[in-house]
Amino acid sequence: MSAVLDVSEQRRVEELSRASQERLQATARLATVGEMASLLSHELNQPLAAIASYATGSMNLLHEATLTDPQLATSLNDAMQRIGQQAERAGKVIKSVHDFVRRRDQSRVDVAPRTLLDNVMPLVALQARKLGVRVELRCATGLPHVLCDRTMVEQVLLNLSRNGMQAMQDDTPYKTLTLLVRTVPPTTGQQWMEFVVADQGHGIAEELTEKLFTPFFTTKEEGMGLGLSLCRTVVEQHGGLLQHGPNQPRGTVFSFTLPQT
Ligand code: ADP
């Protein structure tokens, strides 16, 4: 009897030490991503403000041109407006990353999964058109809502979608990106929703899986290597889990969980 007790005590200590080790690693990851996020937000705010103000200035000039060629002026006006809106969105993203990293003003809201997808679809569709990818959405109506920092989770969806589409750039025969939301079968306590982003691209070689989440690790010529590390930090900050595995017959499936409200 006493031998049994000894072993379980040892297991408990091992479990505790493993848990605290994991917490330490998560904090270290957050610190690295945090430093980079602060640097980026500092560097990017100025050019973004300049873009927004050039867009406004150009719209004012266009207003005068309306008299000579109204049709052209309208199209240009629309384009300028979109430039302004995207610059504004980028500004919001930066602010959100900044707040997120500093853990203050974490604006977690109750939101329908479909709304998150709808918000990222314009940007996903734009890139999909450019890269010849078909996007399939599978999100039933009436799914339970999630509690999350909206802008940050939208960034996670955007990053995973962009990676999936870029992975289908070679001679991939079928270029479909699937975005899917489903309920995780309930266990005990907190209930979860799962977001899945599946591609049919070149997949991830076994030897790369260790490095994927390391900041600045990239296999792309123009990659920054920050996307996945930020995605994991965001998901873990919500208490969720980011996972990946092979898709069938080819490609990769990334998925993450968020708490239901
Ligand atoms: P970046 O996209 O700037 O390279 P990420 O951190 O988002 O940075 O991704 C790191 C690396 O992980 C990519 O360069 C790529 O090699 C690999 N990767 C990420 N997503 C996928 C995917 N869906 N399929 C294949 N490889 C991927």
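No experiment lies behind these values; they were computed from the predicted model shown. (Residues numbered from 1 in each chain as written. Predicted model: local features only at pLDDT ≥ 70, side-chain atom pairs only at ≥ 80, totals over all residues. Heavy atoms only, no water.)

Examining the overall build of the chain
- When helices and strands are counted, the chain shows 5 helices and 7 strands.
- In the chain, the succession of helices and strands from N to C terminus is α-α-β-α-β-β-α-β-β-α-β-β.
- Counting over 261 residues, the chain shows a buried share of 36%.
- Just so you have it, the chain exposes about 15,800 Å², and 55% of that area is on carbon and sulfur atoms. (Helix = DSSP H or I, 4+ residues; strand = E, 2+ residues; numbered from the N terminus. Buried < 20%, exposed > 50% of the residue type's maximum accessible area, 1.4 Å probe, protein only. Areas by Shrake-Rupley, 256 points an atom, 1.4 Å probe, with all protein chains shown as cover.)

Regarding the site of the ligand
- Taken together, 21 residues surround the ligand, and among them Asn163, Thr218, Thr219, Lys220 and Gly225 come closest.
- Thr218 is positioned such that a nitrogen or oxygen atom in its side chain is 2.6 Å from an oxygen atom of the ligand.
- Here an oxygen atom of the ligand sits 2.9 Å away from a polar atom, N or O, in the main chain of Gly225.
- Listed by contribution, the elements that provide at least two residues to the shell around the ligand are helix H4 (150–166), helix H5 (227–237) and strand S7 (252–259). (Near = heavy atom within 4 Å. Polar contact = N/O pair within 3.5 Å; in protein donor to acceptor, adjacent residues only side chain to side chain.)

Quick word on the packing of helix H3 (residues 113–131) against H4
- Closest axis-to-axis distance for the H3/H4 pair is 9 Å, and the angle between their directions is 25°. Classified by the angle their axes make, H3 and H4 are roughly parallel. Crossing hand, H3 versus H4: right-handed. On the side of H3, the interface is formed by Thr115, Leu116, Leu117, Asn119, Val120, Leu123, Val124, Gln127, Ala128 and Leu131, while H4 contributes Arg150, Val153, Glu154, Leu157, Leu158, Ser161, Arg162, Met165 and Gln166. (Axes fitted to C-alpha atoms, helices over the stretch in contact; angles between N-to-C directions. Parallel < 35°, antiparallel > 145°, perpendicular 65-115°, else oblique. Left-handed = near helix turned anticlockwise from the far one by under 90°. Contact = heavy atoms within 4.5 Å.)

Thoughts on the sheet that holds strand S5 (residues 192–198)
- One open sheet holds the 5 strands; their spatial order is S2-S4-S5-S7-S6, and the pairing between them is mixed. Whereas interior strands pair on both sides, the edge strands pair on one side only; in this sheet they are strand S2 (134–138) and strand S6 (242–246). On average, each strand axis in the sheet is inclined to that of its neighbour by 15°, with strand direction left out of account.
- With 5 bridges joining them, S6 and S7 adopt antiparallel strand pairing. Looking at the pairing, Leu242 lines up with Phe256 of S7. (Pairing = 2+ DSSP bridges.)

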